[in-house]
Amino acid sequence: MAFVTIKDEYKRYQMGETIIVANDGINLEIEKGEFAIIVGPSGAGKSTVLNILGGMDTADEGQVLVDDTDIARFNSKELTGYRRNDVGFVFQFYNLVPNLTTKENVELASQISPRALDAEQVLRDVGLGERLNNFPAQLSGGEQQRVAIARALAKQPKLLLCDEPTGALDYNTGKQVLKLLQDTCRNTGTTVIVITHNSALAPMADRVIEINNAKVRKMTKNPNPISVD
Ligand code: ADP
Ligand code: ADP
């Protein structure tokens with residue numbers, strides 16, 4: 001059994017009189033330790049899948065198996081525990097707390113997860129050992145995204161879920177962030193899932209899942225992913 005298996009998953013949103021089918025029978029699998037990319041145009045249903053995988057939203061139907069547990073059957077208390085302990089999130093716009101330093105932002109992880117790693121150590125690992133006492137506004141976009149990645153990794157999550165992590169960065173900075181995600185995956189064995197509308201990222205992934213119009217259109221395993229350098 002794959003580490004992540006989504007089976008016949010449906011999600012609809014009601015907008016006034018209209019029903020929007022965001023996920024129309026999603027099926028996908030991701031192995032433990034893979035660097036997976038979910039790619040597709042805006043509105044395809046990617047964030048819906050990621051939010052359901054992260055316990056931030058719930059499926060209407062279907063199974064969402066993570067490490068052999070069907071999180072689609074979790075009650076709200078179980079979902080809260082899952083979000084806190086098992087998943088790390090990285091967003092397009094970093095979501096750092098502006099009045100906390102780099103180190104304090106990463107220390108937030110230890111307030112929610114009992115097995116959180118030492119903030120300074122994780123920040124050194126992502127190349128920010130010199131930036132511990134800076135505030136987010138004093139950092140570049142790429143550095144802020146590294147802090148956000150460090151904060152997510154400090155929890156030692158089963159899944160690192162990233163929503164357009166390079167979407168707000170220029171090409172070269174985006175490349176560095178992708179390299180960090182790829183290296184994290186290789187060095188720590190964390191399963192990393194990135195959603196993006198940018199199909200140029202696909203050659204770097206171990207697995208590429210293409211979503212269009214609420215369905216998975218193609219899933220390919222990449223035997224020779226490009227190492228970002
Ligand atoms: P993507 O991440 O690929 O851009 P989304 O999963 O965000 O796509 O959205 C899929 C569809 O569901 C879109 O039509 C979007 O407008 C709709 N949608 C997403 N979230 C909501 C919501 N909370 N309420 C209503 N419609 C939503
Ligand atoms: P190249 O040496 O041609 O720049 P790379 O190894 O840097 O190739 O990247 C592999 C592929 O990923 C290329 O097709 C490149 O366009 C794409 N790519 C790398 N980083 C980014 C990024 N941040 N945003 C968009 N595309 C990227």
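Structure's up top.
Calculation notes
Residues numbered from 1 in each chain as written. Chains lettered and ligands numbered in written order. Predicted model: local features only at pLDDT ≥ 70, side-chain atom pairs only at ≥ 80, totals over all residues. Heavy atoms only, no water. Near = heavy atom within 4 Å. Polar contact = N/O pair within 3.5 Å; in protein donor to acceptor, adjacent residues only side chain to side chain. Areas by Shrake-Rupley, 256 points an atom, 1.4 Å probe, with all protein chains shown as cover. Helix = DSSP H or I, 4+ residues; strand = E, 2+ residues; numbered from the N terminus. Pairing = 2+ DSSP bridges. Axes fitted to C-alpha atoms, helices over the stretch in contact; angles between N-to-C directions. Contact = heavy atoms within 4.5 Å. Core = buried A, V, L, I, M, F, W, Y, C linked by side-chain atoms within 4.5 Å. Buried < 20%, exposed > 50% of the residue type's maximum accessible area, 1.4 Å probe, protein only.

### So, the site of ligand 1
Contacts to ligand 1 come from Y13, M15, I20, A22, P41, S42, G43, A44, G45, K46, S47 and T48. In the model, an oxygen atom of ligand 1 is placed 2.7 Å from a nitrogen or oxygen of the G43 main chain. At a separation of 2.8 Å, an oxygen atom of ligand 1 approaches a polar side-chain atom of K46. Protein contacts shield 64% of the accessible area of ligand 1, which totals 560 Å² for the unbound molecule. Every element with two or more residues in the shell around ligand 1 is listed here: β1 (4–15), β2 (18–30) and α1 (46–53). Sorting elements by how many residues they give to the shell around ligand 1 places α1 first, with three residues.

### Section: the sheet that holds strand β8 (residues 191–196)
Paired through backbone hydrogen bonds, the strands of a sheet run either parallel or antiparallel to each other. Strand order in the open sheet formed by six strands is β6-β7-β8-β3-β9-β10, with mixed pairing between adjacent strands. Across the chains shown, the open sheet's two edge strands, defined by having one partner strand only, are β6 (87–90) and β10 (215–221). Along the sheet, successive strands turn relative to each other by an average axial angle of 15 degrees, direction set aside. The pairing of strand β9 (residues 207–212) with β10 spans six bridges and is classified as antiparallel. Counterpart to I209 in the pairing with β10 is M219. Packing against the sheet, helix α2 (residues 76–86) makes contact with β6 and β7 (159–163), and its axis sits at approximately 70 degrees to β6. Sheet contacts for helix α5 (residues 141–154): β6 and β7; angle to β6, the most-contacted strand, approximately 170 degrees.

### Side note on the site of ligand 2
Around ligand 2 sit Y171, G174, K175, N198, A200, L201, M204 and I226, and that is every residue in its neighbourhood. Take Y171: an N or O atom from its side chain is 3.2 Å from an oxygen atom of ligand 2. Between ligand 2 and K175 there is a distance of 2.6 Å, counted from an oxygen atom to a side-chain nitrogen or oxygen. For ligand 2, whose unbound accessible area comes to 540 Å², protein coverage reaches 64%.

### A word on the nonpolar core
Note that soluble globular proteins tend to have their nonpolar side chains buried in a common cluster. If you look at the biggest cluster of nonpolar residues, it comprises 38 residues, and the most contacted ones within it are F35, L160, L181 and V192. Where this core is concerned, the elements lending two or more residues are β3 (35–39), α3 (102–112), α4 (119–125), α5, β7, α6 (171–188) and β8. When residues in this core are grouped by element, the largest group, seven residues, is from α5. Not counting residues up to four positions away in its chain, the partners in contact with L181 are F35, I149, L160, C162, P165, V192 and V194. Of all hydrophobic cores here, the second largest spans 26 residues; its members include I6, L50, I209 and I211.

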